[in-house]
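An overview of the molecular structure
One letter stands for each residue in the lines below.
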Amino acid sequence: QVQLVESGGGLVQAGGSLRLSCAASGSIFSINAMGWYRQAPGKQRELVAAITSGGSTNYADSVKGRFTISRDNAKNTVYLEMNSLKPEDTAVYYCNAEVARGNYGYDYWGQGTQVTVSS
């Protein structure tokens, strides 16, 4: 079994910054991609940013230039640095990890952390 534990959410004013962390533990040999998704009330969950084990990154257009994803493979941890936050960034942020087992990858999710940006 694999557990993902997120931390770092909270309430911040527009223009402020937050840093999210997500640590994976359990039966892990290697992790392929890790990423952050978010879901605002009444909306579908969307990809915010993702990073491969080799460090290649992908961002949603809405966060490019403001958010930075990084990971520490030795610690099985992924981070999301969020700057210049906007009220529209308000959502529950979920960590995702694709854990490799043989030729397959299995998706695991964190419990979510609330990010609220006030105007």
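First, a word on scope: everything that follows refers to the structure included in this document. (Residues numbered from 1 in each chain as written. Predicted model: local features only at pLDDT ≥ 70, side-chain atom pairs only at ≥ 80, totals over all residues. Heavy atoms only, no water.)

1. Here we look at unusual backbone geometry
Both trends apply: most residues other than glycine have a negative phi, and most peptide bonds are in trans. Threshold: Each helix is a run of DSSP H or I of at least 4 residues and each strand a run of E of at least 2, with the numbering of both proceeding from the N terminus.
Even without being a glycine, Asn 76 presents a positive backbone phi close to 50°. With respect to the helices and strands, Asn 76 occurs in the loop between β7 (67-72) and β8 (77-82). A positive phi angle is found at Ser 84, which is not glycine, with a value near 50°.

2. Observations concerning the pairing of strand β1 (residues 2-7)
Where we set the bar: Working definition: with a 1.4 Å probe on protein chains only, accessible area under 20% of the residue-type maximum means buried, over 50% means exposed, and in between means partly exposed. DSSP calls a pair of strands paired once it identifies at least 2 bridges connecting them.
Burial along β1 is one-sided: the residues Val 2, Leu 4 and Glu 6 are buried and none of Gln 3, Val 5 and Ser 7 is. For β1 and strand β3 (residues 18-26), the ladder comprises six bridges, and the chain directions are antiparallel. Bridged to Glu 6 within β3 is Cys 22.

3. Overview of the packing of aromatic side chains
Our working rule: Note on aromatic pairs: the rings of Phe, Tyr and Trp (six-membered ring only in Trp) are paired at centre separations within 6.5 Å, and the planes decide the class, stacked below 30 degrees, edge-to-face beyond 60, tilted for the rest.
In total, this model carries one aromatic pair according to the counting rule given. Look at Tyr 37 and Trp 109: their rings are 5.0 Å apart centre to centre, the planes differ by 65°, and that puts the pair in the edge-to-face class. Here Tyr 37 is found in strand β4 (residues 30-39), whereas its partner Trp 109 is found in strand β10 (residues 104-109), with 72 residues between them in sequence. Judged by its relative accessible area of 23%, Tyr 37 falls in the partly exposed class. Look at Trp 109 and you get partly exposed, because its relative accessible area is 37%.

4. Side note on the sheet that holds β3
The cut-off we apply is this: Fitted lines through C-alpha atoms give the axes, limited to the stretch in contact for helices. The angle between two N-to-C directions lies from 0 to 180 degrees.
Spatially, β1-β3-β8-β7 is the arrangement adopted by the four strands of the open sheet, whose pairing is antiparallel. With one partner strand each, in any of the chains shown, β1 and β7 form the two edges of the open sheet. Each neighbouring strand pair of the sheet contributes to a mean axis angle of 15°, computed without reference to strand direction.

5. As for the side chain of Arg 71
Inclusion rule: Under the convention used here, Asp and Glu are negative, Lys and Arg are positive, and both His and the chain ends fall outside the count. Any Lys or Arg side-chain nitrogen found within 4 Å of a carboxyl oxygen on Asp or Glu counts as a salt bridge. The definition of a polar contact used here is a pair of N or O atoms within 3.5 Å, where within protein one atom must be able to donate a hydrogen and the other to accept one, and adjacent residues in sequence count solely through side-chain atom pairs. Contacts are assigned to residue pairs with any non-hydrogen atoms lying within 4.5 Å of each other.
On the secondary structure map, Arg 71 appears in strand β7. As a buried residue without a salt bridge, Arg 71 has its nearest oppositely charged side chain in Asp 72, at a separation of 8.1 Å. There is a polar contact of 2.7 Å between the side chain of Arg 71 and the backbone oxygen of Asn 32. A polar contact of 3.2 Å, which involves the side chain of Arg 71, links it to the backbone oxygen of Thr 52. Excluding its chain neighbours within four sequence positions, the residues that come into contact with Arg 71 are Ile 31, Asn 32, Ala 33, Met 34, Ile 51, Thr 52, Ser 53, Thr 77, Val 78 and Tyr 79.

6. A short note on the nonpolar core
So the rule is basically this: Side-chain atoms within 4.5 Å link the members of a nonpolar core, which is a set of buried Ala, Val, Leu, Ile, Met, Phe, Trp, Tyr and Cys residues.
Trp 36, Leu 80, Met 82 and Tyr 93 are the most contacted members of the largest nonpolar core, which has 32 residues in total. For this core, the elements supplying multiple residues, two or more each, are β1, β3, β4, β5 (46-51), β7, β8, β9 (91-101) and β11 (113-118). With five residues, the single largest contributor to this core is β9. When sequence neighbours within four positions are dropped, the list of residues in contact with Tyr 93 reads Glu 6, Leu 20, Trp 36, Tyr 37, Arg 38, Val 48, Phe 67, Leu 80, Met 82, Gly 112, Thr 113 and Val 115.

7. Re the environment of Ile 31
Residue placement: Ile 31 occurs in strand β4. The exposure class assigned to Ile 31 is buried, which follows from its relative accessible area of 6%. Placed 76 residues apart in sequence, Ile 31 and Asp 107 show a C-alpha to C-alpha distance of 9.9 Å.

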